[in-house]
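# Examining the three-dimensional arrangement
Here's the letter readout for the chains.
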There are 2 protein chains.
Amino acid sequence: MITISLKPDMKNPMYIQIYEYIKEEILRGNLACPQKLPSSRSLAAHLQVSRSTVDTAYGQLVAEGYIEAREKRGYFVNPITHTQNFRVTPPAAPAGSADRTAETVLYDFNPDAVDISHFPYSVWKSIGKNQLDNPKNFVSGSHYGNRELRQAISDYLHGSRGVNCSPEHIVVGAGLAHLLQMLCVLFEHKGAIAMEDPGYRSARQVLHSGGFTILDIPLREGAFDTEALKSAPTDICYVTPSHQFPLGSVLSISRRQQLLSWADEAPGRYIIEDDHDSEFRYQGLPIPALQSLDYRRRVIYIGTFSKAISPAVRMGYMVLPETLAEAYRERCSFYPCPVPRLSQAIMTDFIRQGFFEKHLNRMRKLYKGRHDRMVEAICRYLPEKYFDISGDNAGLYLILRYRGPLDEKTIEERAKKNGVRLRSLRGYYAQPPAGYSPSYLLGFAGMEDEAITEGIRCLAERVFR
Amino acid sequence: MITISLKPDMKNPMYIQIYEYIKEEILRGNLACPQKLPSSRSLAAHLQVSRSTVDTAYGQLVAEGYIEAREKRGYFVNPITHTQNFRVTPPAAPAGSADRTAETVLYDFNPDAVDISHFPYSVWKSIGKNQLDNPKNFVSGSHYGNRELRQAISDYLHGSRGVNCSPEHIVVGAGLAHLLQMLCVLFEHKGAIAMEDPGYRSARQVLHSGGFTILDIPLREGAFDTEALKSAPTDICYVTPSHQFPLGSVLSISRRQQLLSWADEAPGRYIIEDDHDSEFRYQGLPIPALQSLDYRRRVIYIGTFSKAISPAVRMGYMVLPETLAEAYRERCSFYPCPVPRLSQAIMTDFIRQGFFEKHLNRMRKLYKGRHDRMVEAICRYLPEKYFDISGDNAGLYLILRYRGPLDEKTIEERAKKNGVRLRSLRGYYAQPPAGYSPSYLLGFAGMEDEAITEGIRCLAERVFR
């Protein structure tokens, strides 16, 4: 007979104590196949508990397969492997923790930073509070994103970027990486994809890990080389025509036309247009999207709210040409939209009620001020003899090129020592060109005016001294 | 000289009218390379506008590459391809719209449905309102998910599922499909993956579209066939051990041990444990996760909030064994976590403040009532001679097997005609077994008591009559 020292315990009812005890005995090999267990009636009598308590414990052991109930014969132990050292200890935390450790940074010229202090929180919150009241946001929605949101995005894109689309062509996703991941699913036969060099590293990594072979095409005169594309063995290319990332150039209308002609020359050719930060131009009109010229339907247009609002909202969209929208329905419709319905509903209202455009206009003005401040500080503190600027008048950063005597290692060591965080342009190249001069992406969007001036001064006096 | 009929218009300033006019003329070929444009001074005089207006228009045309500024010589038209029919018409909406059309359904036995009417909205809203006040939720977070959330999930999993993990091993994602997508990235060399047959269709589709070859292993005695796995040419398998989807069986301890031994026999072997709805057992204790026995660190544990709360929250997590957690940091760390920070923060508080467990307990009780109601109705209305139930006492649906004279086509046509939505088990098989009887997944979680009884009665009187 099994003897268990049962203890009255609210948290650990009798049946659990019996179940745990027998389970342990089986795992340790003290009870082994084909041993018969006492009948529930006799064990109950022996332990002075009710028979249903033992039945419940036996039931659980049967459910997990430790023992077996044979009709009219009783309960038998199943064949189980015994392990001496069975208890599992929780694994230790890995040495390199997943979260970055802080270091002292006084001036962070982060080109990816956005200013969130001017976000209209009160509006967002009030929309959010309303939408939290809407139980609809707790029911699964369309796998392509809520139709109202797709309509709002479609209207916005048509008005502000000249994009031709209807909600049926839009897929809402969780930002660029996720949308590119979906394109990796959509393009079943992944061959090579042409990309700008220098270009967007994360996009390259995502497309590469998604099965594409990356063909890096060096920029010509600072913009995508549509001539080189013609001889490249690929049917897909990824471009940033309105504001080349990272160099900041605009793809000229003639190259846009060449690009569209290339796509039209063979079936199955597509252009992925990443329109990453085209909301922010500080001079002249916005550059219309390449998609707005795409009457052959070869352009996949991708945009996100990461720059216009914040990457923390994790929301973006792509506009698929008709044939691909159909293919998406065939091949990808079992992927749910990863954006929570609540977020989608808040964004829909935020756009529809005009707050998004209002916010963009405000931020454009704010960022222009910071941009001008940075240009001014560079002109004041960094001598023209050694420095030039490019990629200005748009986006959230500019590029500072240095042609002086210091080498990159010295510059970067000194920057680090003085609390300046710099992003080297070198890292964005697959293959830096011959005659590359040390160049840095200087983000201004996330910095206050004062910090911009002081940061540039620090660069002049302590880094490039 | 260019003559433009300029109209005073607040929405369309002069410089835009000039820019639009010249752009159209170039695109139509009326102005062509290498034509020289009038100087801005003379055009301004001619049009009676300020010179800066013309300069702005010319500047935009230069930025987009329509014209070129040559130093001291003026502005020249660039070589542009002319298109007769250049205007783009918005594409028509596709015939098969992306959104499902409604049909009259009186009784929807949806096995994926959850009840959202009992969700503690007031708590969720109040947490949500607090978190909307926290600007931290507008800044990018960890690519693995916020650490506080990973800690909360880790604590919950340890307490309720016996899972051994620390926050460093957890990756937060947007639900099962997205987490499997990330595993497709993590496993660089994708070969075959063994899956249960019948099994979870979406998982199969995602893994297949992510590059895996699917090896369907027919269930043996209703559970994963660990014997057959031994001879299968694969190093990865995907299983639902605590509640087989869709049949509802529990993988016995001996097969669990066989599975873990299999994984231990060769390096690089892994088991994906999809613990989809293990929160809901209506009899006995919860079945501990397979991962809780995994002292060799071969199990990738995946869970979501889709069943416990709602699929609309789009949030799940996976627990990676140590070696894979390191590989994830190497290969996948450039993928941002797709879950908005706000959602993560709300969920963190919801778990930490005890509301999640409270909600689970409440729903378990509610679903048990509906489960019992369905079993009762089946026993009352559907004769034992023709029907049996399996997969009961757990999850959100049970399986009704029919062994009578009607064929599937008749059953399904009658169901449709009478407004009953049925999901056939057949669809979950890659290869339905010989001697398959028509079987249906009857979801009860999303139905009121009354509807359950009436729906089963309708099945008895109008469908299986």
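Everything that follows concerns the structure shown earlier in this document.
Report on the accompanying structure.

## Side note on the side chain of S310(B)
Among the structural elements, S310(B) can be located in the loop between β9 (299-304) and β10 (316-319). For S310(B), a relative accessible area of 1% gives the class buried.

## Quick look at the sheet that holds strand β14 (residues 423-424) of chain A
Residues and elements named next belong to chain A. The four strands are arranged β11-β12-β15-β14 in an open sheet whose pairing can be described as antiparallel. In this open sheet, the two edge strands, each paired with only one partner strand, are β11 (387-390) and β14. The pairing of β14 with strand β15 (residues 439-443) spans two bridges and is antiparallel. By the bridge assignment, R423 is partnered in β15 with L441. With respect to the sheet, helix α12 (residues 355-381) is in contact with β11, β12 (397-402) and β15, its orientation differing from that of β12 by roughly 15 degrees. With respect to the sheet, helix α13 (residues 408-417) is in contact with β12, β14 and β15, its orientation differing from that of β15 by roughly 30 degrees.

## So, the packing of aromatic side chains
Counting across every chain of the model gives 53 aromatic pairs over all chains. Between F119(A) and F138(B) the ring centres are 5.0 Å apart and the planes differ by 40 degrees, which places this aromatic pair in the tilted class. Here F119(A) is found in the loop between β3 (107-108) and α4 (121-132), whereas its partner F138(B) is found in the loop between α4 (121-132) and α5 (147-161) on a different chain. Judged by its relative accessible area of 4%, F119(A) falls in the buried class.

## A few points about the relation of the copies chain A and chain B
At an RMSD of 0.1 Å, chain A and chain B line up after a rotation of 180 degrees and a shift of 0.0 Å along the axis. In symmetry terms, the pair is related by a two-fold rotation axis. Judged by C-alpha distance, K129(A) is the residue of chain A that lies nearest the rotation axis, at 3.2 Å. Interface overlap between copies: 97% of the residues of chain A at the interface are likewise at the interface in chain B, consistent with a symmetric, same-surface contact.

## Brief notes about helix α2 (residues 40-47) of chain B
All names here are of chain B. The set of residues buried in α2 consists of S40, L43, A44 and L47. Along the long axis of α2, the arc covered by the buried residues comes to 100 degrees, so they all point the same way. Among the exposed residues of α2, those pointing more than 90 degrees away from its buried face are R41 and A45. Next to the buried residues of α2 lie α1 (14-28) and α3 (51-63). Directly after α2, the chain includes Q48, whose backbone phi takes a positive value near 55 degrees.

## So, the environment of R70(B)
Turning to its location among the elements, R70(B) is positioned in strand β1 (residues 67-70). A C-alpha to C-alpha distance of 64 Å links R70(B) and I153(B), two positions 83 residues apart in sequence.

## Description of the pattern of salt bridges
A side chain with one charge may pair with a side chain of the opposite charge, provided their charged atoms come close. Applying the stated criterion across every chain, the model contains 62 salt bridges over all chains. Across the salt bridge formed by D388(B) and R401(B), the nearest N and O atoms sit 3.1 Å from each other. Pair noted here: D388(B) is in strand β11 (residues 387-390) and R401(B) is in strand β12 (residues 397-402), with a separation of 13 residues, a long-range link. Among the charged side chains, a salt-bridge network with shared partners connects D108(A), R421(A) and R423(A).

## Side note on the sheet that holds β10(B)
Residues and elements named next belong to chain B. One open sheet accounts for seven strands, arranged β4-β10-β9-β8-β7-β5-β6; its pairing is mixed. Every other strand in the sheet has two partners, leaving β4 (170-173) and β6 (213-218) as the edge strands with one partner each. Each adjacent strand pair in this sheet contributes to an overall mean axis angle of 20 degrees, direction not counted. In this sheet, strand β7 (residues 236-239) lies alongside strand β5 (residues 192-197) in parallel orientation, the contact comprising three bridges. Bridging from a neighbouring strand, I193 pairs with I236 of β7. Against the sheet, helix α6 (residues 176-186) engages β4, β7, β8 (270-274), β9 and β10, with an angle of about 155 degrees to β9.

## Side note on the interface of chain A and chain B
Of the residues lining the interface, 95 residues belong to chain A; the matching set on chain B comes to 92 residues. Taking both partners together, chain A and chain B bury about 7900 Å²; carbon and sulfur atoms supply 63% of that area. Counting every contact that joins chain A to chain B gives two salt bridges. For the pair chain A and chain B, the interface holds 14 residue pairs in polar contact (both at pLDDT 80 or more).

## Examining unusual backbone geometry
Residues and elements named next belong to chain A. A cis geometry characterises the amide bond from C33 onward to P34, with omega recorded as 0 degrees. Examined against the element boundaries, P34 turns out to sit in the loop between α1 (14-28) and α2 (40-47). Positive phi, normally seen in glycine, also occurs at E221, with a value near 50 degrees. Note that E221 resides in the loop between β6 (213-218) and α8 (226-230). Here E221 falls in the exposed class, since its relative accessible area comes to 70%.

## Notes on the nonpolar core
Of all hydrophobic cores here, the largest spans 138 residues; its most connected members are L442(A), F464(A), L442(B) and F464(B). Each residue touching L442(A), except ones within four places of it in the same chain, is listed here: F109(A), M374(A), I378(A), L396(A), Y397(A), L398(A), L400(A), L422(A), I456(A) and L459(A). Core analysis: the second largest hydrophobic core is formed by 68 residues, M195(A), A203(B), Y328(B) and C332(B) among them.

## Observations concerning the state of the cysteines
Residues and elements named next belong to chain A. The final tally for this structure, using the stated rule, is zero disulfides over all chains. C165 carries a free sulfur, and the closest cysteine sulfur to it, the one in C337, is 16 Å from it. Of all cysteine sulfurs, the one in C184 lies closest to C237, which takes part in no disulfide; the gap is 15 Å. With a relative accessible area of 0%, C237 lands in the buried category.

## Observations concerning the packing of α6(B) against helix α7 (residues 201-209) of chain B
Residue and element names in this part refer to chain B. Packing of α6 against α7 brings their axes to within 9 Å, and their N-to-C directions diverge by 30 degrees. Judged on the interaxial angle alone, α7 and α6 are roughly parallel. α7 is crossed by α6, and the crossing has right-handed handedness. Across from L176, A177, L180, Q181 and C184 in α6, the residues of α7 making contact are A203, V206 and L207. When its residues are assigned to classes, the contact of α6 with α7 shows seven nonpolar, one polar and no charged.

Quick notes on the rules
- Residues numbered from 1 in each chain as written.
- Chains lettered and ligands numbered in written order.
- Predicted model: local features only at pLDDT ≥ 70, side-chain atom pairs only at ≥ 80, totals over all residues.
- Heavy atoms only, no water.
- Helix = DSSP H or I, 4+ residues; strand = E, 2+ residues; numbered from the N terminus.
- Buried < 20%, exposed > 50% of the residue type's maximum accessible area, 1.4 Å probe, protein only.
- Pairing = 2+ DSSP bridges.
- Contact = heavy atoms within 4.5 Å.
- Axes fitted to C-alpha atoms, helices over the stretch in contact; angles between N-to-C directions.
- Phe/Tyr/Trp six-rings, centres within 6.5 Å; stacked < 30°, edge-to-face > 60°.
- Least-squares fit on C-alpha atoms with pLDDT ≥ 70 in both.
- Arc of directions from axis to C-beta.
- Salt bridge = Lys/Arg side-chain N within 4 Å of Asp/Glu carboxyl O.
- Buried area = accessible area lost by both parts, 1.4 Å probe.
- Polar contact = N/O pair within 3.5 Å; in protein donor to acceptor, adjacent residues only side chain to side chain.
- Core = buried A, V, L, I, M, F, W, Y, C linked by side-chain atoms within 4.5 Å.
- Disulfide = S-S within 2.5 Å.
- Parallel < 35°, antiparallel > 145°, perpendicular 65-115°, else oblique.
- Left-handed = near helix turned anticlockwise from the far one by under 90°.
- Nonpolar A, V, L, I, M, F, W, Y, C, P; charged D, E, K, R; others polar.

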